[in-house]
2 protein chains.
Amino acid sequence: MKKRPTINDIAQQAGVSKRTVSRVINGATNVNAKTRENIQQIIREQGFSPDKKARGLAVRRSYLLGIIYDNPGTFYIDQVQEGVLQVITEKGYELIVHPCRYQDAGFVDNCTGFVHRSNVDGVIVLPPVSESAALADAFNRHGVNYVRMASVALDEPYRMVISDDRHAVADLALYLVAQGHKDIAVISGPNAYSSTTERLEGFCHALHTLGITLSANRIIEGDNTYQSGIACGRALLTQDPIPDAIFANNDDMAIGVIRAAHDLKINVPQSLSVVGFDDNLMAARMLPSLTTIRRPVRDMAASAAQKLIAQIENLPADNIATQLVKAQLIVRESTRKKSDFS
Amino acid sequence: MKKRPTINDIAQQAGVSKRTVSRVINGATNVNAKTRENIQQIIREQGFSPDKKARGLAVRRSYLLGIIYDNPGTFYIDQVQEGVLQVITEKGYELIVHPCRYQDAGFVDNCTGFVHRSNVDGVIVLPPVSESAALADAFNRHGVNYVRMASVALDEPYRMVISDDRHAVADLALYLVAQGHKDIAVISGPNAYSSTTERLEGFCHALHTLGITLSANRIIEGDNTYQSGIACGRALLTQDPIPDAIFANNDDMAIGVIRAAHDLKINVPQSLSVVGFDDNLMAARMLPSLTTIRRPVRDMAASAAQKLIAQIENLPADNIATQLVKAQLIVRESTRKKSDFS
DNA sequence: TTGTAGGCGTTATCAT
DNA sequence: ATGATAACGCCTACAA
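Residues numbered from 1 in each chain as written. Chains lettered and ligands numbered in written order. Predicted model: local features only at pLDDT ≥ 70, side-chain atom pairs only at ≥ 80, totals over all residues. Heavy atoms only, no water.

Labelled according to an unreviewed UniProt entry, chain A appears under the name LacI family DNA-binding transcriptional regulator, originating from Salinimonas iocasae.

What follows is the structure, given as structure tokens:
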């Protein structure tokens, strides 16, 4: 790689000390307007930009941020990356990714290890890893800056960005009932996740206020995978009678349900409505396309990045209020409309 | 964040100079066995690991690698990250991601800018960005280390990892014909991509040797998006007669074709076989699941990482031979089998 | 408003 | 085999 100009080169060319150049770089006010102009000009000409390693060495900062996640689906991650990058690049940070298996034994050590080795200034933790209290504890002990994305307030506001799953599933309940569905089943996620609880409870509660109560055999626990969706779907669809509608805890499982229904020669949506959660890339392209709930992942990620940088730079955290963003119901082909009922 | 021990702390405790500690760290031979033992012991106790910024400053290296790509929607990227990470983390490198729009005007500058700002030691470029000669030129001019992943040899062997698309599509042609398909159409990708040429030519050539020649109206150019798949599919399926089979340049388009067929009440695979390319996450989950071609993306990414590190560290590039990995035909539900013909 | 000196943690040079 | 000492590029006291 070509050698880039250093602050010394600039200083020499400008005929000033590097301290002055440093001042210009960092926007200090106490620099003669003319000298500043001149220096900025030279900086532009030379295409100079301060070396992050060196600056980091001096300032004890790496200008590196990390995102930690376990497989929430590529679609999700890409959106997160986009949202994060947009915010951080203009502030001079770079993004390092750290996938991990948060079920594994050494997972907490793995993550703290990553943070130390890579020397990131802070990390954004995505669900479902974000729900790990153990990890948050470890980070706190080690004084690591972090922001968690989740669907419940698990931590102090300045470390959380929250999506209001509960509200969204209530909308969904309302919609299903309005379309004439009565016998509704749900495939929830792993009990350990608070997102699971939020969605399940939110959904059941909303149904309850609409006069519908789910019997125990209509609620079954999946593990958020496509395979699990098939299995749980089959379990539900071999009951007699079969339910009118199935709400799965995420799109992967919902698509599994559609597959299960197909294998059992059950028509979606004519004989069965299916709803997912996430609005992942597949949702719109599936046949039938999937009715689901979309979280503004990009925006959430962007606020997470902002909060993280605020921590790192000790900024006046005016946006310290818990970020609570609304999720949105997207109606597609996998749910039967009232007008379709016979 | 907690302050980590430095090389000075270790040196002091060991009662030696930091130069000696440095020697131990870097595995220099000329250190007394006993001193080495002792120092290593202390290093372990203290959980010391050298600071990358500082080392990088001294050695002019950041221990950061980048991956550059467009098309964040693909499932491709996640696999690439996995493959790359596995190789690089054990060598002490970290991974930075850089999505970009390679159709945009300033795209080359954007990428070189990224390389300089982030100070990565090298980058892996994914298709289709990897096919940009302009970018490769720029990288060469700037002396940037890079490795390109593509389906043709566009560059010197030590900068390329190649998947043998041509071979794979020949297998596909063979299979389709063997299953009794005669009137075959193809939706190719943008002409500008060499992957497009590889697949189109490879496919047509293979068909030709099997005694089948495609007429011009059976070949149409898409842009590799789902939407384009729908449009091209519709175009093909409103011809009279409609083709037996459609081979789309990638899975996204193939899934668009299935949608188009569905909208036109054409049954897949009974009346139409559809084949994609990539074996993305959707392929197996689609209804019907998609017959497609799978490249060993993870492995390709891993070799790319190895080659990149070899460049950076001036390693004896024994694995300098062009990496040519085979793609593989995956038969699923979207193609009609011979036994199904009436 | 500007400059000098020293330090951040590591490796490289050259002695010893 | 080991150790001073000087880089590496930048920043922050402290002076002038």
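Caption draft 1: Region of the structure containing the protein's contact with DNA strand C. Close to DNA strand C lie 27 residues, the nearest being A:Thr20, A:Asn32, B:Ile7, B:Lys18 and B:Asp51. Those atoms of DNA strand C that come within 4 Å of the protein belong to sugar or phosphate at a rate of 56%. Take B:Ile7: an N or O atom from its main chain is 2.4 Å from a phosphate oxygen of DNA strand C. Separating a phosphate oxygen of DNA strand C from a side-chain N or O atom of B:Arg55 is a distance of 3.0 Å. Of all the secondary structure elements, the ones that give two or more residues to the surface near DNA strand C are helix 2 (18-25) and helix 4 (52-59) of chain A together with helix 2 (18-25) and helix 4 (52-59) of chain B. Counting residues per element, the surface near DNA strand C draws most heavily on helix 4 of chain B, which supplies five residues. Residue classes in the surface near DNA strand C are distributed as 11 nonpolar, nine polar and seven charged. (Near = heavy atom within 4 Å. Polar contact = N/O pair within 3.5 Å; in protein donor to acceptor, adjacent residues only side chain to side chain. Helix = DSSP H or I, 4+ residues; strand = E, 2+ residues; numbered from the N terminus. Nonpolar A, V, L, I, M, F, W, Y, C, P; charged D, E, K, R; others polar.)

Caption draft 2: Spatial organisation of the relation of the copies chain B and chain A. Of the two same-sequence chains, chain B is brought onto chain A (RMSD 0.4 Å, axial shift 0.1 Å) by a rotation of 180°. As the rotation angle and translation indicate, the two copies are arranged about a two-fold axis. Most of the interface of chain B is mirrored in chain A: 93% of its interface residues are interface residues there too. (Least-squares fit on C-alpha atoms with pLDDT ≥ 70 in both. Contact = heavy atoms within 4.5 Å.)

Caption draft 3: Fine view of the UniProt feature "domain: HTH lacI-type" (unreviewed entry) in chain A. The positions UniProt marks with the feature "domain: HTH lacI-type" (unreviewed entry) are residues 5-59 of chain A. As annotated, residues 5-59 of chain A comprises 69% helix and 0% strand, and the C-alpha atoms at either end are separated by 20 Å. (UniProt positions renumbered as here; feature names shortened; annotations may be inferred.)

Caption draft 4: Structural detail: the protein's contact with DNA strand D. The immediate surroundings of DNA strand D are formed by 27 residues, with A:Ile7, A:Lys18, B:Thr20, B:Arg23 and B:Asn30 found nearest. Sugar and phosphate atoms represent 62% of those atoms of DNA strand D found within 4 Å of the protein. Between DNA strand D and the protein, one listed contact pairs a phosphate oxygen with a side-chain N or O atom of A:Asn26 at 3.3 Å. One nitrogen or oxygen atom from the main chain of B:Ala58 is found 3.3 Å from a base oxygen belonging to DNA strand D. When contributions to the surface near DNA strand D are tallied by element, the ones reaching two or more residues are helix 2 and helix 4 of chain A together with helix 2 and helix 4 of chain B. Broken down by element, the residue count for the surface near DNA strand D peaks at five residues, all from helix 4 of chain A. Looking at the surface near DNA strand D residue by residue, the class counts come to 11 nonpolar, nine polar and seven charged.

Caption draft 5: The arrangement of the pattern of salt bridges in detail. Residues and elements named next belong to chain B. Scanning all chains against the criterion turns up 30 salt bridges over all chains. Among the salt bridges present, the one from Glu198 reaches Arg166, with a minimum N-O distance of 3.1 Å. Remark: Arg166 occurs in helix 8 (residues 165-178) and Glu198 occurs in helix 9 (residues 194-209); sequence separation between them is 32 residues. Given a relative accessible area of 32%, Arg166 falls into the partly exposed group. Arg332 serves as the salt-bridge partner of Asp279, at 3.0 Å between the closest nitrogen and oxygen. Linking Asp279 in the loop between strand 9 (273-275) and helix 12 (281-285) with Arg332 in the segment after strand 12 (328-330), this pair joins segments that are 53 residues apart in sequence. (Salt bridge = Lys/Arg side-chain N within 4 Å of Asp/Glu carboxyl O. Buried < 20%, exposed > 50% of the residue type's maximum accessible area, 1.4 Å probe, protein only.)

Caption draft 6: Highlighting the sheet that holds strand 8 (residues 245-248) of chain A. All names here are of chain A. Sheet architecture is open: four strands sit in the order 7-6-8-9, paired in parallel fashion. Strands at the two margins of the open sheet, each flanked by one partner only, are strand 7 (219-221) and strand 9 (273-275). In this sheet, neighbouring strand axes are inclined to one another by 15° on average, regardless of whether the strands run parallel or antiparallel. Taken together, the four bridges between strand 6 (residues 184-188) and strand 8 define a ladder with parallel strand orientation. Among the inter-strand pairings, Val186 is bridged to a residue of strand 8, identified as Phe247. Together, strand 6, strand 7 and strand 8 form the strand contacts of helix 9 (residues 194-209), whose direction differs from that of strand 6 by roughly 170°. (Pairing = 2+ DSSP bridges. Axes fitted to C-alpha atoms, helices over the stretch in contact; angles between N-to-C directions.)

Caption draft 7: The arrangement of empty space enclosed by the protein in detail. Tallied over the entire structure, the rule returns four cavities of 30 Å³ or more. What the largest cavity holds in volume is close to 160 Å³. In terms of lining residues, the largest cavity is bounded by A:Lys52, A:Lys53, A:Ser62, A:Leu64, A:Ser118, A:Asn119, B:Lys52, B:Lys53, B:Ser62, B:Leu64, B:Ser118 and B:Asn119. Mapped onto the lining of the largest cavity, the elements with two or more residues apiece are helix 4 of chain A together with helix 4 of chain B. Residues that form the lining of the largest cavity fall into these classes: two nonpolar, six polar and four charged. Estimates place the volume of the second largest cavity at around 80 Å³. Every residue lining the second largest cavity is counted, 10 residues in all, and those nearest its centre are A:Tyr69, A:Pro99, A:Arg101, B:Asp78 and B:Glu82. The leading source of residues in the lining of the second largest cavity is helix 5 (residues 76-89) of chain B, at three residues. Of the residues belonging to the lining of the second largest cavity, the class tally is four nonpolar, two polar and four charged. (1 Å grid on protein atoms, 1.4 Å probe; cavity = no way out; pocket = protein on both sides within 12 Å on 5 of 7 lines; lining within 4 Å. Points joined across faces, edges and corners; volume = space filled by probe spheres on them.)

Caption draft 8: Local environment of unusual backbone geometry. Residues and elements named next belong to chain A. Residues Pro127 and Pro128 are joined by a peptide bond in cis, for which omega reads 5°. Topologically, Pro128 is positioned in the loop between strand 3 (122-125) and helix 7 (133-142). Omega for the peptide link from Asp240 to Pro241 comes to 0°, which places this bond in the cis form. Position of Pro241 among the secondary structure elements: in the loop between helix 10 (226-237) and strand 8. Positive phi outside glycine occurs at Arg60, with the angle close to 60°. Along the chain, Arg60 turns up in the loop between helix 4 and strand 1 (64-69).

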